[in-house]
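Geometric and topological summary
Letter by letter, the chains look like this.
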Amino acid sequence: MELTHSDVKAAAERVTGRVRPVAVAQADSAGELWFALEFLQHTGSFKARGALNFLLTHRENGTLPPVGVTIASGGNAGLACAWAARNQGIPATVFVPTTAPRVKVERLTSYGAEVRLVGTEYADALAASREFADDTGALPSHAYDNPLIAAGAGTLMAEVNERIPDLGTVVVAVGGGGLFSGVATAADHYGVRTVAVEPARCRALHAAIAAGRVVDVEVDSIAADSLGARRTSEMALAAARRYDVESVLVEEPGIIAARRTLWEERRIAVEYGAATALAAILGDEPTFRRAPGERVCVVLCGANTDPSDLAR
């Protein structure tokens, strides 16, 4: 499965005016480091873009059933699906692992979704969601492994490119690979390099690149609620192979430190998954080193977090 820039362009035509345009912020005095503040998006993460593109496309094609849509999600994709379903006036049934943060489950309910807690990992929720779709006729969505979802996420990169002149590299956290696939596809079109960042203890894409095929990995990271896919998508692996992508890993202390740095220095409260991208360029030994004078944008992709542990 291969995503193209035409897919991203079509998604942009659908969702523009329905999602919040991304805000960017210069993060240093030289204008070499920028943040894409996508955590300001509807539902608190980039996922709203893909969810809306998915449902709008099915409505256009006449394949959106009255019984609604179902999805398995650690939180953010479920929130986006519930929000998009409410936007389109259809029911949403969301399956989440019992390990999902309480703040995300409560927000799912606030969007009108029926929430079902199943298992301890994303894979458990996914199996239950698929069974539900087979039994009821609900439209099955996916947190990341769908070209419509990934194309919607890629619209973020088109907006970033418009707002940051002479951008050289975009740094993005990777879970299952939907955001990465869309961003890398759009970034290549604009001549921008993509750096894919994963927790060392949650490395589905990195492991697939090393193995030359999609493989299962163990998931044991503080960022697992949003980046905890057991395996990446074939689409993400194809994007990593096709484009000028650098895959790097970060350790748990670095993720925690990056999240706290954003709060203490900028009063930005994000989830650990978003902090994972920034962790790659911070610390005494960053895993991604910027070239001198290079303009880099770090995507802060979500803020569905409990900020209580940020206060001292």
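Residues numbered from 1 in each chain as written. Predicted model: local features only at pLDDT ≥ 70, side-chain atom pairs only at ≥ 80, totals over all residues. Heavy atoms only, no water.

**A look at the environment of Ile255**
Formally: Counting from the N terminus, the helices are the DSSP runs of H or I reaching at least four residues and the strands are the DSSP runs of E reaching at least two. The buried label goes to any residue with under 20% of its type's maximum accessible area, the exposed label to any with over 50%, and the partly exposed label to all in between, with areas taken from a 1.4 Å probe on protein chains only. In what follows, a contact means two residues having at least one pair of non-hydrogen atoms within 4.5 Å.
Inspection of the secondary structure assignment puts Ile255 in helix H11 (residues 252-266). Given the relative accessible area of 0%, Ile255 is considered buried. Residues in contact with Ile255, not counting those within four places in the same chain, are Pro199, Ser221, Ile222, Val250, Tyr272, Ala275, Thr276 and Ala279.

**A look at the sheet that holds strand S7 (residues 169-173)**
The following threshold applies: For two strands to be treated as a pair, DSSP must find at least two bridges joining them. Fitted lines through C-alpha atoms serve as axes, helices being fitted only where they are in contact, and the angles separating the N-to-C directions of these axes extend from 0 to 180 degrees.
Ordered in space as S1-S2-S10-S7-S8-S9, the six strands form an open sheet in which the pairing is mixed. Two strands bound the open sheet, and with one partner strand each, they are strand S1 (24-26) and strand S9 (245-250). Each neighbouring strand pair of the sheet contributes to a mean axis angle of 25°, computed without reference to strand direction. Pairing analysis gives three bridges linking S1 to strand S2 (residues 33-36), with the strands arranged antiparallel. Its bridge partner being in S2, Val24 is matched across the sheet by Ala36.

**A closer look at the packing of aromatic side chains**
The following threshold applies: Two aromatic rings, drawn from Phe, Tyr or Trp (for Trp, its six-membered ring), form a pair once their centres lie within 6.5 Å of each other, and the interplanar angle then sorts them: stacked below 30 degrees, edge-to-face above 60, tilted otherwise. In our convention, an over-ring charge means Lys NZ or Arg CZ found within 6 Å of a ring centre and within 35 degrees of that ring's normal.
Under the defined criterion, the tally for this structure stands at one aromatic pair. The ring of Tyr272 has Arg259 lying over it, and the distance from NZ or CZ to the ring centre is 4.4 Å. Of note, Arg267 hangs over the ring of Trp263, and the distance from its end group to the ring centre comes to 4.4 Å.

**Structural notes on helix H12 (residues 272-279)**
Within H12, eight of the eight residues are buried, which leaves it mostly tucked inside the rest of the structure. Of the residues making up H12, those classed as buried are Tyr272, Gly273, Ala274, Ala275, Thr276, Ala277, Leu278 and Ala279.

**Some words on the nonpolar core**
The criterion, for reference: We define a nonpolar core as any set of buried Ala, Val, Leu, Ile, Met, Phe, Trp, Tyr and Cys residues linked to one another through side-chain atoms lying within 4.5 Å.
One finds Phe35, Met157, Val160, Val171, Leu179, Phe180 and Val298 to be the most contacted residues of the largest nonpolar core, which totals 67 residues. In contact with Val171, not counting residues within four places along its chain, are Val195, Val197, Ala277, Phe288, Val296, Cys297, Val298 and Val299. Core analysis: the second largest hydrophobic core is formed by 41 residues, Leu64, Val69, Ala72 and Ala85 among them.

**Thoughts on the pairing of strand S10 (residues 296-299)**
The side-chain alternation of S10 yields two buried faces, one formed by Val296 and Val298 and the other by Cys297 and Val299. Relative to S10, S2 runs parallel, the two being bridged by four bridges. Each residue of the ladder has a partner; that of Ala36, found in S10, is Val299. Across three bridges, the pairing between S7 and S10 is parallel. By the bridge assignment for S10, Val171 is matched with Val298.

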